[in-house]
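Structural features, examined
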Amino acid sequence: GWRALIRHDNILAAADAPAAQHAPQPRPADAAAPDCANPISFVPYTPKSKAERDIIASFQALEKAVIHNDADEWVKHVADEFVVTRTRQHPTSKAGRVAVIEKQASVNGETFVAEVEWMNLWVKGDAAVMRADHRMPGNRRPPYLATRIWVKRDSRWLMAMSQQTAIAG
């Protein structure tokens, strides 16, 4: 049967509010991507199954694509119906997220991903839930909790949804 795993109390942007602007910070063309070892190289979670290892690998690959502003690689790890919802923002679709990544790439913008402070995974067949607490390096954004839904299609784990809620401090 159905069970509630996680509850988000997320206030979205008002319907008439402008979309969040992700202003890229231009850098020299040869500037390296930021060093985001957590979560690119490791996360504070020990996978208990092949499915969990594969989900973490997909998560790390898409986060690596973000810091390298590589939309072509990022789309390989997200489902077509992907949507991310964040506190006080409008939901962003896969196409919208690709547009942000491409805008960053156009100026070699410096893009950081949040460190994972805590994580858990629940896999049920070809679906999974990832729950994690995140903190951005340099406090570029308030800490947040994220719940991500993953689906397995064509032998690959794809992120279908990400709900990110700021943690009140």
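Below: a short report on this structure.

Pairing is mixed across the open sheet formed by six strands, whose spatial order is β2-β1-β6-β5-β4-β3. Here the strands that pair on one side only, and so sit at the sheet edges, are β2 (92–93) and β3 (115–124). Looking at chain direction, strand β1 (residues 78–86) and strand β6 (residues 156–166) are connected through five bridges and run parallel. Across the sheet, residue Val78 finds its bridge partner in β6, namely Met159. Each of β1, β3, β4 (127–135), β5 (144–153) and β6 touches helix α2 (residues 50–67); the most contacted strand, β3, lies at about 135° to it.

Here we come to the pairing of β1. The pairing of β1 with β2 spans two bridges and is antiparallel. When the bridges of β2 are listed, Val83 appears paired with Ser93. Hairpin connection between β1 and β2: a loop of five residues separates the two successive antiparallel strands, and Arg88 in this loop has a positive phi of roughly 60°.

Moving on, we get to the packing of aromatic side chains. Summed over all chains, the structure comprises one aromatic pair. Ring geometry for Trp74 versus Phe82: centroids 5.4 Å apart, planes at 85°, classification edge-to-face. Each member of the pair, Trp74 together with Phe82, is buried. The ring of Phe112 has Arg140 lying over it, and the distance from NZ or CZ to the ring centre is 3.5 Å. The positively charged end of Arg141 is found above the aromatic ring belonging to Tyr144, 3.7 Å away from the centroid.

Parameters and conventions
Residues numbered from 1 in each chain as written. Predicted model: local features only at pLDDT ≥ 70, side-chain atom pairs only at ≥ 80, totals over all residues. Heavy atoms only, no water. Pairing = 2+ DSSP bridges. Helix = DSSP H or I, 4+ residues; strand = E, 2+ residues; numbered from the N terminus. Contact = heavy atoms within 4.5 Å. Axes fitted to C-alpha atoms, helices over the stretch in contact; angles between N-to-C directions. Phe/Tyr/Trp six-rings, centres within 6.5 Å; stacked < 30°, edge-to-face > 60°. Buried < 20%, exposed > 50% of the residue type's maximum accessible area, 1.4 Å probe, protein only. Lys NZ or Arg CZ within 6 Å of the ring centre and 35° of its normal.

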